[in-house]
Amino acid sequence: MVLTDDQRALQETARRFARERLLPDYQKREKLGVLDRSLLRQMGELGLMGVDLPEEYGGLGQDGVTAGLIAEELAYGDFNVSAVPVGISLNAAILIRHAQPEVIEEWVPRMIRGEAVVAICLTEPRGGSDASNLQLRARREGDHYVINGEKTSITFADRADAYLIFARTGTPEQGAHGVSAFFIPYEATKGISRTKFDDVGSHIIGRGSVFFDDVEVPASHMLGEAGKGFTQVMQGFDYSRALIGLQCCGAAQASLDEAWAYSKEREAFGRPIGQFQGVTFPLSEGESHIAAIRQLCYHALALRDAGHPHTSEAAMCKWMGPRYAFDVIHQCLLTFGHYGWSKDLPHQQRMRDVMGLEIGDGTAGVMKLIIARQRIGRVAVQY
Ligand SMILES: Cc1cc2nc3c(=O)[nH]c(=O)nc-3n(C[C@H](O)[C@H](O)[C@H](O)COP(=O)(O)OP(=O)(O)OC[C@H]3O[C@@H](n4cnc5c(N)ncnc54)[C@H](O)[C@@H]3O)c2cc1C
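Residues numbered from 1 in each chain as written. Predicted model: local features only at pLDDT ≥ 70, side-chain atom pairs only at ≥ 80, totals over all residues. Heavy atoms only, no water.

Quick notes on the environment of Ser-202
We apply this condition: In this text, helices come from DSSP runs of H or I with a minimum length of four residues, and strands from runs of E with a minimum of two, each type numbered from the N-terminal end. Working definition: with a 1.4 Å probe on protein chains only, accessible area under 20% of the residue-type maximum means buried, over 50% means exposed, and in between means partly exposed.
Within the secondary structure, Ser-202 is located in the loop between strand E6 (192-194) and strand E7 (207-218). The buried category is assigned to Ser-202, whose relative accessible area is 15%. A C-alpha to C-alpha distance of 7.7 Å links Ser-202 and Arg-352, two positions 150 residues apart in sequence.

Quick look at the domain arrangement of the chain
Short version of the rule: What counts as a domain boundary in this text is fixed by an automatic or database domain assignment. Here, residues are in contact when the closest pair of their heavy atoms is within 4.5 Å. Accessible area that two parts lose when put together, with a 1.4 Å probe and added across both, is what the buried area reports.
Parsing the chain into structural domains produces domain 1 (5-116), domain 2 (119-225) and domain 3 (233-381). With ten residues of domain 2 in contact, the opposing surface of domain 3 contributes eight residues. For the pair domain 2 and domain 3, the two sides together bury roughly 650 Å², of which 74% comes from carbon and sulfur. On the domain 2 side of the contact with domain 3, Ser-129, Phe-166 and Val-200 bury the most area, a combined 47% of that side's loss.

With respect to the nonpolar core
Most often, soluble globular proteins keep nonpolar side chains buried together rather than apart. Quick note on the threshold: By convention a nonpolar core is built from buried Ala, Val, Leu, Ile, Met, Phe, Trp, Tyr and Cys residues, the set being connected through side-chain atoms within 4.5 Å.
In this structure, Ile-147, Ile-165, Phe-166 and Phe-182 are the most contacted members of the largest nonpolar core, which totals 122 residues. Ranked by residues supplied to this core, first place goes to helix H8 (residues 237-265) with 13 residues.

What about the packing of helix H9 (residues 277-305) against helix H10 (residues 311-335)?
As a reminder, the rule being used: Between N-to-C directions, angles cover 0 to 180 degrees, with each direction set by a line fitted to C-alpha atoms, over the stretch in contact for helices. Here roughly perpendicular refers to angles of 65 to 115 degrees, roughly parallel to angles under 35, roughly antiparallel to angles over 145, and oblique to all remaining angles. Helix crossings are classified by the rotation of the near helix relative to the far one: an anticlockwise turn of less than a right angle makes the crossing left-handed, while a clockwise turn makes it right-handed. Amino acid classes used here: Ala, Val, Leu, Ile, Met, Phe, Trp, Tyr, Cys and Pro are nonpolar; Asp, Glu, Lys and Arg are charged; the rest, including Gly, are polar.
Viewed as axis vectors pointing N to C, H9 and H10 meet at an angle of 160 degrees, and their least axial separation amounts to 9 Å. Judged by the angle between their axes, H9 and H10 are roughly antiparallel. Crossing of H9 against H10: the hand is left-handed. Residues Val-279, Pro-282, Leu-283, Gly-286, His-289, Ile-290, Ile-293, Leu-296, Cys-297, His-299, Ala-300 and Leu-303 of H9 pack against Glu-313, Ala-314, Met-316, Cys-317, Met-320, Gly-321, Tyr-324, Ala-325, Val-328, Gln-331, Cys-332 and Thr-335 of H10. Partitioning the contact of H9 with H10 into residue classes produces 17 nonpolar, six polar and one charged.

Some words on the pairing of strand E3 (residues 144-155)
Inclusion rule: Note on pairing: DSSP must find at least two bridges between two strands before they are called paired.
Of the pairings in the sheet, the one linking strand E2 (residues 137-141) to E3 comprises five bridges and is antiparallel in character. Bridging across to E3, Arg-139 finds its partner in Val-146. From the end of E2 to the start of E3, which pair antiparallel, there are two residues, and Gly-142 there has a positive phi angle of about 65 degrees. Alignment of E3 against E7, held across nine bridges, turns out to be antiparallel. In the strand pairing of E7, Ile-147 is matched with Val-215.

Digging into the site of the ligand
Our working definition: Only heavy atoms are used to decide nearness, and a residue is near a molecule or strand if one of them lies within 4 Å of it. Any pair of nitrogen or oxygen atoms within 3.5 Å is treated as a polar contact; in protein, a donor-acceptor pairing is required on top of that, and neighbouring residues in sequence qualify only through side-chain atoms on both sides. Method for areas: the Shrake-Rupley scheme with a 1.4 Å probe, in which residue coverage is limited to the protein chains shown.
Residues in contact with the ligand amount to 18 residues; listed here are only the nearest, Thr-123, Gly-128, Ser-129, Ser-153 and Thr-363. Ile-120 places a main-chain nitrogen or oxygen 2.8 Å from a nitrogen atom of the ligand. Protein coverage of the free-state accessible area of the ligand, which is 970 Å², stands at 60%. Here the shell around the ligand takes three residues from E3, the largest share from any one element. Here the shell around the ligand is composed, by residue class, of six nonpolar, ten polar and two charged. Structurally, the shell around the ligand is a two-domain feature, drawing no fewer than three residues from each of domain 2 (119-225) and domain 3 (233-381).

Section: empty space enclosed by the protein
Going by this rule: Throughout, the protein atoms alone are placed on a 1 Å grid, and a set of points is a cavity if a 1.4 Å probe fits but cannot get out or a pocket if it is open with protein on both sides within 12 Å along at least five of seven lines; lining residues have an atom within 4 Å of a point. Grid points are joined across faces, edges and corners, and a volume is the space filled by probe spheres set on the points.
On inspection of all chains with the given rule, the structure shows three cavities of 30 Å³ or more. Estimated volume of the largest cavity: approximately 50 Å³. Around the largest cavity sit Leu-48, Met-49, Gly-50, Val-51, Asp-52, Ala-67, Ile-70, Ala-71, Pro-85, Val-86, Ser-89 and Leu-243, which together line it. For the lining of the largest cavity, the elements supplying multiple residues, two or more each, are helix H4 (64-77) and helix H5 (79-98). Counted by class, the lining of the largest cavity contains nine nonpolar, two polar and one charged residues.

Considering the layout of surface pockets
In this structure, the second largest pocket encloses a volume near 190 Å³. Looking at the second largest pocket, it is lined by 13 residues, and the ones nearest its centre are Gln-11, Arg-15, Glu-72, Glu-73 and Arg-294. At the level of elements, helix H1 (5-22), H4, H8 and H9 are the ones that each hand at least two residues to the lining of the second largest pocket. Take the lining of the second largest pocket: its biggest share by element is four residues, from H4. Residue composition of the lining of the second largest pocket, by class: four nonpolar, four polar and five charged. Structurally, the lining of the second largest pocket is a two-domain feature, drawing no fewer than three residues from each of domain 1 (5-116) and domain 3 (233-381).

Some words on the packing of aromatic side chains
Note the cut-off: Note on aromatic contacts: the rings of Phe and Tyr and the six-membered ring of Trp form a pair at centre separations within 6.5 Å, being stacked when their planes are under 30 degrees apart, edge-to-face when over 60 apart, and tilted otherwise.
Inspection of every chain in the model, using the stated rule, returns eight aromatic pairs. With centroids separated by 6.4 Å and ring planes inclined at 85 degrees, the aromatic side chains of Tyr-163 and Phe-212 adopt a geometry described as edge-to-face. Residue Tyr-163 is found in strand E4 (residues 162-168), and its partner Phe-212 is found in strand E7; the two are separated by 49 residues along the sequence. Comparing Tyr-163 with Phe-212, the two get one shared label, buried. For the pair Phe-166 and Phe-230, a centre-to-centre distance of 6.3 Å together with 75 degrees between the ring planes defines the contact as edge-to-face. With Phe-166 in strand E4 and Phe-230 in helix H7 (residues 229-233), the pair connects residues that are 64 residues apart, well separated along the chain. The exposure class assigned to Phe-166 is buried, which follows from its relative accessible area of 0%.

Encoded structure:
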């Protein structure tokens, strides 16, 4: 892939920030479990947030490939911090496409400056894979909607500044066609409560439930058309799936680089362990898997940038990225022998962090269903 001068400069900025500011405290931040807002503001100042968003809102107006370069570089330093700009690329684009001008003008620049985090709320307690089969209700009353119900398993649940939610405005029989999307600022809205789960990883971004109890939302905060929230607003997900694949490549590459370096230093049987093919071949295989997935992710983003369909390719990135990153990081952990088993080294944390995305944003099973549906149509989906 040949990069432009602008892309190279942004990649270099992200790389330096990731390696100098993020990587040294990756594990310390996770132990504290706090999303460091000052880091986000610094990223905003460096132009690393919303690089793909329009300049009129503070973005850089770059393409999806450039956003991918930044996601990959940041994840090398901290997989969880890299989730923030990916979320901004997805959520701000949804707002720009579907929100009223006053919502866009207030919120998108704040997101790009690293001052506001928005959670996207789709999953409910009864299930996430069958995403359009949701129950949380929005009832129209005059110039506003009244929202009641629970969203669960929501990234940033207990720390978001606003929520982008999917709610049923039609009947259950209407399925996806009875679902609308809304934008709900947290501070200015009464009736929202939220929790945090004790997760396997990714504590700094957190995950939890959000409860809506007679929450009043102005009708002007509906995104897209009534009853079309699901079909219109969900379209951005192909994009974020390719970015997630690159986050996973970045995290795996960090472990690979560390494992290769160790293989030159550590000695066994009187020689560096890098002289044993039993040590280097698994790392070479990992390097190959990650290189292949990286290319697929950038291919999906290039298709998106050119306005071509990329649903299958994005689903492939989304299931293969976390799955192979997990395996590769696991192999790197083993390369460190007993040191790898210690929490002093970052591999165990990277494994736990990337594993979350084997489920989050749609499971591997659902991604494979999407690929099958692209090949043979709805016959591949049983309802
Ligand atoms: C780290 C993380 C972050 C998340 N962030 C968010 C968020 O920000 N917002 C949000 O709305 N949700 C979020 N989620 C929720 C996530 O999207 C759901 O967990 C996911 O869609 C699966 O839903 P479920 O957990 O209810 O599993 P279920 O739908 O109950 O599925 C259970 C199992 O059955 C399999 N399965 C179900 N149906 C099929 C099928 N037709 N074919 C093959 N296999 C199938 C699934 O793959 C899974 O293995 C997050 C989850 C995680 C782990």
